[in-house]
Every structure is written in structure tokens, then in C-alpha cells.
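# Understanding the architecture of this molecule
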Amino acid sequence: MRRLRGEGEGEAPEIVVEDAEASEDGVPGFVAKLHATISRALDDLGSLEVSTYVAADMSAVFVEEGRVIGAGLRAYTRVALEGDTIACVPEQDGEVDRGLLEIHGELVKQAQAARCELIRVIVEAAARLGRGG
Amino acid sequence: MSGLAERVHAIVDALAGDAVGDDERLAALARLLAQARGEVDLEFGVGGDEGPLARMGREWSEFRARALGELEARCWVGDGRLRTRVGWTGDLQLVLGPGVGADERASHVRSLRAQFERQARRLEVLTAVAVAARRVAGLIAGPGAAMVSALPVAFACVREAHARGEGGGVPWE
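Since the structure is predicted, the reported quantities are computational estimates derived from the model, not experimental observations. (Residues numbered from 1 in each chain as written. Chains lettered and ligands numbered in written order. Predicted model: local features only at pLDDT ≥ 70, side-chain atom pairs only at ≥ 80, totals over all residues.)

### Considering the domain arrangement of chain A
Domain boundaries assigned for chain A yield domain 1 (1–44) and domain 2 (47–133). Contact with domain 1 of chain A, which involves six residues of that partner, is made by four residues of domain 2 of chain A. (Domains from an automatic or database assignment. Contact = placed C-beta atoms within 7 Å.)

The structure is reproduced here in C-alpha cells:
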């Protein structure tokens with residue numbers, strides 16, 4: 001992007017010339033956008049959260065500001081990057097819902113595997129973008 | 001998707017070294033590159049349709065907008081009694097309705113795995129385009145060159161590399 005200002009015109013407005021190369025249409029603009037996306041992902045990789053809800057009426061379920069509405073939270077697991085894990089599973093009459101616990105555990109395993117793969121892809125992408133190949 | 005980067009490099013190497021031989025698809029990429037360099041007139045399709053470079057530019061724009069948007073977006077996997085809201089870094093919100101059986105659960109877990117794979121693949125493809133575009137920009141630099149065409153040409157190279165490795169289809173599905 002080049003910025004030009006008329007000479008001797010006092011308060012002349014600044015003219016901005018958008019170079020296609022520097023804009024999103026160009027390679028540097030696209031690479032910068034991809035870098036920014038990867039950086040945001042790295043910020044989000046600090047912990048992994050899996051929440052399991054139960055709903056009696058699925059048609060009443062919706063999401064508002066990232067929160068699931070219309071369903072009750074029944075299991076929650078948070079795994080920190082360094083491995084610390086918090087798991088909350090409520091019991092009902094001294095029992096936990098085995099079926100629910102099973103699928104929640106399966107999802108935690110899936111999410112951890114996906115997270116590992118994503119970290120590999122992100123590290124590789126960052127390295128390749130950094131070295132240009 | 002493993003090996004995509006290597007296949008893209010091989011294709012760009014062939015274009016850089018003018019070593020397309022009798023490979024028709026590489027020859028088409030070489031023509032696209034020549035158009036981006038401004039060495040040949042832009043080809044137009046039948047009845048004044050857009051030419052190959054313009055078409056690739058449009059397809060790249062559509063892909064870029066969709067892939068970048070979908071990369072970070074949370075999405076729902078599944079419907080009916082079993083749904084999971086998936087964040088692209090792996091966070092999950094599962095909603096379980098009444099009466100879900102073991103088969104349904106297993107099938108849902110497979111769908112989630114496929115969604116994770118798609119998300120990782122999108123990032124790999126976008127990275128492959130960015131890296132290839134830098135090399136392509138070096139190849140098309142010069143008087144009369146359309147530098148903004150580096151990304152569409154790189155995208156065409158990545159699609160070709162994907163087709164060679166996966167036997168066709170589109171690289172982000």
C-alpha cells in the first residue's frame with residue numbers, strides 16, 4: 001500500500017493506493033492472513049474442552065454466545081496442554097450414567113487425537129510458510 | 001493428503017524447468033503460467049466465456065473465501081438425536097437426545113473423525129497454495145506479468161497435485 005499526499009495543499013486528503021500484491025488478492029496478503037489464522041489457533045490450543053449435554057427435546061436446543069441452551073450439561077472434561085485433566089460427571093442416586101460416560105469418553109479420545117493431528121499440521125504449516133517451502 | 005506438498009513441488013519444478021513433456025495436464029498448467037506471465041494472449045472460451053486464467057481466478061476466490069471462513073467456524077456434526085458442535089481446534093459440545101443406541105453413537109464418532117480430518121486438510125491445502133504461490137510468483141515475475149495470478153496458478157497446481165495423489169475430486173472435501 002502506498003500513501004500519497006499532495007504537496008503545498010495544506011490539509012489535502014491522504015490518497016491511499018492499494019497494491020494488488022499487498023492486498024488480500026496478492027501472495028503476501030494471503031500468507032499474512034493464513035499466518036494470522038494459525039496464530040489464533042495456537043492461542044486456542046492451551047486447553048481442550050469436551051462438554052456433553054442431554055436434551056429431552058432436541059428441537060428446543062440452540063446455541064447462544066457459544067453456550068448450548070435447552071439441554072443440561074451432564075459431563076465435562078478439560079485437558080490442559082501439559083496434560084492436566086479436569087473431569088466432571090454428575091451422579092444420579094449414587095450412580096453415573098454409563099452410556100453417557102462411554103460416549104463422552106469416546107469424544108474426549110477423539111478430540112485429543114484430533115488436537116494432536118492439528119498441532120502437527122499447524123507446526124508443519126508454520127514451518128513451511130516461514131521457510132517458503 | 002500426505003505427500004501433497006511434495007507433489008506440488010514436483011509440478012512447479014516441472015513448470016519451472018519447462019519439463020512438461022507430453023503430459024497434457026502439465027501442459028495446460030504451463031499455458032496458464034504463460035498467460036500469467038503475459039507471454040500469450042488470454043484464451044477465451046466459446047461464445048466469449050471467461051478464459052482459463054480468469055476461470056481459475058474466480059474458482060480460487062470462491063475457494064479462498066469458503067476455506068478461510070470454514071477453517072475457524074464452529075459447525076454442527078450430526079442431526080436428530082445426536083449432534084456435536086465442533087470447534088476447529090477440537091473443542092466439542094455434544095448434545096444427546098433420548099434413546100440413542102450404540103450403533104448411532106459409533107456412527108457419530110466416525111462422522112466426527114471425518115470432520116476433524118476435513119478441517120486439518122483445509123489447512124494443509126491452504127498452506128500448500130501459499131507456499132506454491134511464492135514459487136509461482138518468482139516464475140511469473142517480469143514485464144507484462146499479472147502478479148495477482150500467482151495464487152490462482154498455484155491453486156491450479158495444488159488441485160492437479162491432489163488429483164494425482166487422490167485420483168480426482170476436490171482437495172478440501
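### Observations concerning the environment of arginine 110 of chain B
For arginine 110 of chain B, the location among the structural elements is in helix H4 (residues 102–140). As for arginine 110 of chain B and leucine 96 of chain B, which are separated by 14 residues in sequence, their C-alpha atoms are 16 Å apart. (Helix = DSSP H or I, 4+ residues; strand = E, 2+ residues; numbered from the N terminus.)

### Here's the deal with helix H2 (residues 98–131) of chain A
Taking 1.5 Å per residue, 34 residues should reach 50 Å; H2 of chain A reaches 49 Å between its end C-alpha atoms and fits that length. The secondary structure elements touched by the buried residues of H2 of chain A are helix H1 (27–44), strand S3 (47–54) and strand S6 (72–80) of chain A together with strand S3 (92–96) and H4 of chain B. (Expected span 1.5 Å × (residues − 1).)

### A look at the nonpolar core
In this structure, Val8, Val129, Ala132, Ala133, Ala154, Cys157 and Val158 of chain B are the most contacted members of the largest nonpolar core, which totals 62 residues. The biggest single contributor to this core is H4 of chain B, with 14 residues. Looking at which domains feed residues into this core, each of domain 1 (1–44) and domain 2 (47–133) of chain A gives three or more. Apart from the residues within four sequence positions on either side, valine 129 of chain B is in contact with Leu151, Ala154, Phe155 and Val158 of chain B. (Core = buried A, V, L, I, M, F, W, Y, C linked by C-beta atoms within 7 Å. Buried ≥ 20, exposed ≤ 12 C-beta atoms within 10 Å, placed from the backbone.)

### Examining the environment of aspartate 93 of chain A
Tracing the backbone through its elements, the reader meets aspartate 93 of chain A in the loop between strand S7 (85–88) and H2. For the pair aspartate 93 of chain A and glycine 130 of chain A, spaced 37 residues apart in sequence, the C-alpha separation works out to 56 Å.

### A few points about the environment of serine 47 of chain A
All names here are of chain A. Position of serine 47 among the secondary structure elements: in strand S3. The class of serine 47 is partly exposed, set by 16 C-beta atoms lying within 10 Å. The residues contacting serine 47, other than those within four sequence positions of it, are Arg78, Val79, Ala80 and Leu81.

### A closer look at unusual backbone geometry
The backbone of glutamate 65 of chain A shows a phi angle near 50°, a positive value even though the residue is not glycine. With respect to the helices and strands, glutamate 65 of chain A occurs in the loop between strand S4 (62–64) and strand S5 (67–69).

### Focus on the pairing of S3 of chain A
For S3 of chain A and S6 of chain A, the ladder comprises eight bridges, and the chain directions are antiparallel. Bridge assignment links serine 47 of chain A to a residue of S6 of chain A, and that residue is alanine 80 of chain A. Here S3 of chain A pairs with S3 of chain B via five bridges, running parallel. Residue serine 51 of chain A lies in a different strand from S3 of chain B, and its bridge partner there is glutamine 93 of chain B. (Pairing = 2+ DSSP bridges.)

### Quick look at the sheet that holds strand S1 (residues 75–77) of chain B
The sheet built from six strands is open, its strands ordered S7(A)-S6(A)-S3(A)-S3(B)-S2(B)-S1(B) with mixed pairing. The sheet is open, and its two borders are formed by S7 of chain A together with S1 of chain B, each paired with just one other strand. Here the strands of the sheet are splayed against their neighbours by 15° on average, with no regard to which way each runs. Inspection of the sheet shows strand S2 (residues 82–86) of chain B paired to S3 of chain B by five bridges, in the antiparallel sense. The residue bridging arginine 83 of chain B from the neighbouring strand is valine 95 of chain B, located in S3 of chain B. Sitting on the sheet, H2 of chain A touches S3 and S6 of chain A together with S3 of chain B, and the angle it makes with S3 of chain A is about 155°. (Axes fitted to C-alpha atoms, helices over the stretch in contact; angles between N-to-C directions.)

### As for the interface of chain B and chain A
With 36 residues of chain B at the interface, the matching set in chain A holds 43 residues. At the level of elements, helix H3 (52–72), S3, H4 and helix H5 (150–166) of chain B are the ones that each hand at least two residues to the side of chain B that touches chain A. Counting residues per element, the side of chain B that touches chain A draws most heavily on H4 of chain B, which supplies 15 residues. Of the residues contributing to the side of chain B that touches chain A, the split by class is 22 nonpolar, six polar and eight charged. (Nonpolar A, V, L, I, M, F, W, Y, C, P; charged D, E, K, R; others polar.)

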